[in-house]
Amino acid sequence: EIWGGLGGIWGAAGGGGDGAVRQCCPPGGHRPPEGGVWGVLGGFGVVWGQGKGFGGDLGGVGGVTPGCPQDVPEAVPEAERRRQSLQDARRALPIFPFREELLAAVGQHQVLVIEGETGSGKTTQIPQYLHEEGYTRGGMKIGVTQPRRVAAMSVAARVAVEMGTKLGNEVGYSIRFEDCTSERTVLKYMTDGMLLREFLTEPDLASYSVIMVDEAHERTLHTDVLFGLIKDIARFRPQLKVLVASATMDTERFSAFFDHAPVFRIPGRRFPVDIYYTKAPEADYLEACVVSVLQIHVTQPPGDILVFLTGQEEIEACVELLQERCRRLGSRLPELLVLPIYANLPSELQARIFQPTPPGARKVVVATNIAETSVTIDGIVYVLDPGFCKQKSYSARTGMESLVVTPCSRASANQRAGRAGRVAPGKCFRLYTAWAFQHELEETAVPEIQRADLGALVLLLKSLGINDLIHFDFLDPPPHETLVLALEQLYALGALNHLGELTTLGRRMAELPVEPMLAKMILASEQYGCTEEVLTVAAMLSVNNAVFYRPKDKVLHADSARVAFGVPGGDHLVLLNVYNQWVASGHSLQWCYEHFVQARSLRRARDVREQLQGLMERVEIAPSSCGGNLDLVRKAITAGFFYHTARLARGGYRTVKHQQPVFIHPNSALFALQPRWVLYHELVCTSKEFMRQVLEIDSSWLLEVAPHYYQAKELEDGSGRKMPKKAGKSREELG
Ligand code: CDP
Ligand code: MG
């Protein structure tokens, strides 16, 4: 009866025996079906008939554990055997036959655009080819940018294995708050944001012989800005080689931008992918995903499944639902390994998705669009695509940036589908109708630079000495209003003076690799004598959504453990409390377990905190602590986040400046309390605009910390009734 609903969603895939269902495994090794439900199952003995040899069976792929530093202790003959099989796998990649031609093209041209199907070997092979060709002679580096931290780490780990070196030696990676490189590093994988920051210390990137801007089609904010900066330095560094690598999208535009640089195309190898649509729109795509995964698992031949969801919370919910249902079905079901992958997932867990599936089992990877092009998981035959992604969206009118779940573009739907056809003919199940695909999805996504808050970017460019942002060479320029608003915000934060020039504060803010508001909060803690506390808050905010652990079967315990961390003032102070208690427990794992706190997140927070502490020394701020006076901490936070404020009026919360309706996230410690004035760390838009990480503030603080931005009048009680006492008092104080 559990399977009763299974037939409903998919016209073609259900029921078994439908003509459209193609078996992709060769005969042989079939088990007899185990009763009616297993009609189409079979073929467990042999996997990937056609996939062997080109990246499919890379013996030992799974051994890669991103993490720094990495050991590869091996018995010698085994290591030799493995090295051989890795080299074979390298030669089997689609890019390999083009090695010489590619090297010749790089030799001839300063800028080269490289287009190739995902998985063809661009990211892992090209830097190695260049290294072998001598581009790293004399310690010169080859820098490869990735939009995502996960990709930078996992790809570097992979390349280190292929080159037989320890991660962090010749091959390393650098992502925010984590530098896994050394003096010896010549192949450096990094996030695009990190390369941007390198311009601060080395404006002409003199230590690099090659820069490869990878995943260019993603058009992230940082990648887009890199284009302009790199184009500029390439003019006076003729020996610098610039490679712009992208999946099969947009390459003509990149070429045009770089003065019509030649495009090098790597022909892809792909198996056909059958595409299925739902007959009617799905109301609850998460539930539909779970049902469909089980349906595929039960009715379809072997092959791993890749599910695209929009973010960590959704992914965790889906993983939990799947595990729970598998448990309920018990031994009636062949083993289903459910593995999540998203940017914040700890690296040791990320590595699991690359491990080969044990025989007889099936793997389902539940991913964000990170799995669209930046990481390649071998063995995927089925793709499940609900058609959504989470995107930043920014309103220049209200200055509000939020994460919004939006339909993905047709281009990314096609990329997703393509992931099913790498090792064998595959199937892609789209959880939307064919009509929706044609009429409701945009052709391509809007580049991030046109829908993001530009504060951090403007601050960085200003500190690089680029003052004329309006005439900066952008591939697609940001909206004028957004630029102006960014300038205004930086002015209000005190980072720019009235001439738009960087202030001393601004220069110090730019030293910290965090958003301007967070940087301001950290720097303001000096004046309030609470750097120790504020650094902890900043570090905890960087892992904010992964601190508490709430297993389905222990919800009550988990929730009461969480409530026990409560302190007056709001979520930031709760995070501070959790961290301090963890420190007091001696960083005890047992303590984390008992209090339903994720040890991994706390360890990461500790790392981030240490890094920030180091940077504080660089900007010459001495450590200070406010002891129990947490109002000082709240003031320092307000000094950074005075833009993100809301007030409770009759109908609910509205932002102070623009009267936008917002809501306290149900997970917040302040959800039930609903204080009058609040500050939030971020907005997340799901069914409503939710404020996440909420702090209760005193409205008078706003005048204290942001006199350029707020006027006393705005902070009066909205309805024209009497003002709350405190605010009134402070107005008098301020005269
Ligand atoms: O960059 P592109 O999408 O063209 O391909 P790639 O990332 O260089 O991947 C080439 C092959 O390396 C993939 O097909 C995988 O088999 C393998 N790979 C891996 O096993 N583990 C990784 N972390 C990355 C790549
Ligand atoms: Mg790649």
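As recorded by an unreviewed UniProt entry, the chain carries the name RNA helicase and is attributed to Taeniopygia guttata. Quoted verbatim from the Catalytic activity (unreviewed entry) field of UniProt, the annotation for the chain is "ATP + H2O = ADP + phosphate + H(+)". Quoted verbatim from the Subcellular location (unreviewed entry) field of the UniProt record, the comment on the chain reads "Nucleus".

Asks: I tried to follow the sheet that holds strand β3 (residues 171-175) on my own but got confused; where do I start?
Replies: The strands that make up a sheet pair up through hydrogen bonds in the backbone, lying either parallel or antiparallel. The sheet built from eight strands is open, its strands ordered β4-β3-β5-β2-β6-β7-β1-β8 with mixed pairing. Each end of this open sheet is capped by a strand with a single partner; those strands are β4 (178-180) and β8 (263-266). Averaged over all pairs of adjacent strands, the angle between strand axes in this sheet comes to 20°, irrespective of strand direction. By the bridge criterion, five bridges tie strand β2 (residues 141-146) to strand β5 (residues 187-191) in an arrangement that is parallel. When the sheet's bridge partners are listed, valine 144 is paired in β5 with tyrosine 189. Most of the contacts of helix α5 (residues 149-162) go to β3, to which it runs at about 170°, and overall it touches β2, β3 and β5. Seen against the sheet, helix α6 (residues 192-201) touches β2, β3 and β5 and runs at an angle of roughly 105° to β5.

Asks: Would you take a moment to explain helix α19 (residues 531-541) for this structure?
Replies: In an α-helix there are 3.6 residues to a turn, and that puts residues three or four apart on one side. Where burial is concerned, most of α19 is hidden: 10 out of the 11 residues are buried. Taken together, the buried positions of α19 are Thr531, Glu533, Val534, Leu535, Thr536, Val537, Ala538, Ala539, Met540 and Leu541. In the core, the buried residues of α19 are packed alongside α18 (516-527), α21 (571-584), α23 (599-618), α24 (630-641), β20 (677-685) and β21 (689-696).

Asks: Would you mind showing me how to read the UniProt feature "domain: Helicase C-terminal" (unreviewed entry) in the chain here?
Replies: Residues annotated in UniProt with the feature "domain: Helicase C-terminal" (unreviewed entry) correspond here to residues 292-465. The annotated region residues 292-465 carries 33% helix and 25% strand content, and the separation between its end C-alpha atoms amounts to 53 Å.

Asks: How should the sheet that holds strand β10 (residues 304-308) be read in this particular structure?
Replies: Strands sit in the order β9-β16-β13-β10-β12-β11 across an open sheet of six strands; the sheet is parallel. Edge positions in the sheet fall to β9 (273-277) and β11 (336-341), since each has one partner strand and no second. The average angle at which neighbouring strand axes cross in this sheet is 20°, direction not considered. Looking at chain direction, strand β13 (residues 380-385) and strand β16 (residues 426-430) are connected through four bridges and run parallel. The residue bridging leucine 384 from the neighbouring strand is phenylalanine 429, located in β16. Packed onto the sheet, helix α10 (residues 312-329) meets β10, β11 and β12 (362-367) and runs at close to 170° relative to β11. Docked against the sheet, helix α13 (residues 410-418) engages β9, β10, β13 and β16, running at close to 150° with respect to β13.

Asks: Would you take a moment to explain helix α4 (residues 122-132) for this structure?
Replies: Of the positions making up α4, those classed as buried are Lys122, Thr123, Thr124, Gln125, Ile126, Pro127 and Leu130. One or two steps after α4, the chain reaches glycine 134, where phi turns positive at roughly 105°.

Asks: What am I meant to see in the pairing of β12 here?
Replies: Working note: regular strand, side chains alternate between the two faces of the sheet. Buried residues dominate β12, accounting for six of its six residues. Side chains Arg362, Val364 and Val366 project from β12 onto one buried face, and the interleaved Lys363, Val365 and Ala367 project onto a second face that is buried too. One ladder, built from four bridges, connects β10 with β12; its direction is parallel. By the bridge assignment for β12, phenylalanine 308 is matched with alanine 367. Where β11 meets β12, six bridges bridge the pair, whose relative direction is parallel. By the bridge assignment for β12, leucine 336 is matched with arginine 362.

Reading the values: the criteria
- Residues numbered from 1 in each chain as written.
- Chains lettered and ligands numbered in written order.
- Predicted model: local features only at pLDDT ≥ 70, side-chain atom pairs only at ≥ 80, totals over all residues.
- UniProt positions renumbered as here; feature names shortened; annotations may be inferred.
- Pairing = 2+ DSSP bridges.
- Helix = DSSP H or I, 4+ residues; strand = E, 2+ residues; numbered from the N terminus.
- Axes fitted to C-alpha atoms, helices over the stretch in contact; angles between N-to-C directions.
- Contact = placed C-beta atoms within 7 Å.
- Buried ≥ 20, exposed ≤ 12 C-beta atoms within 10 Å, placed from the backbone.

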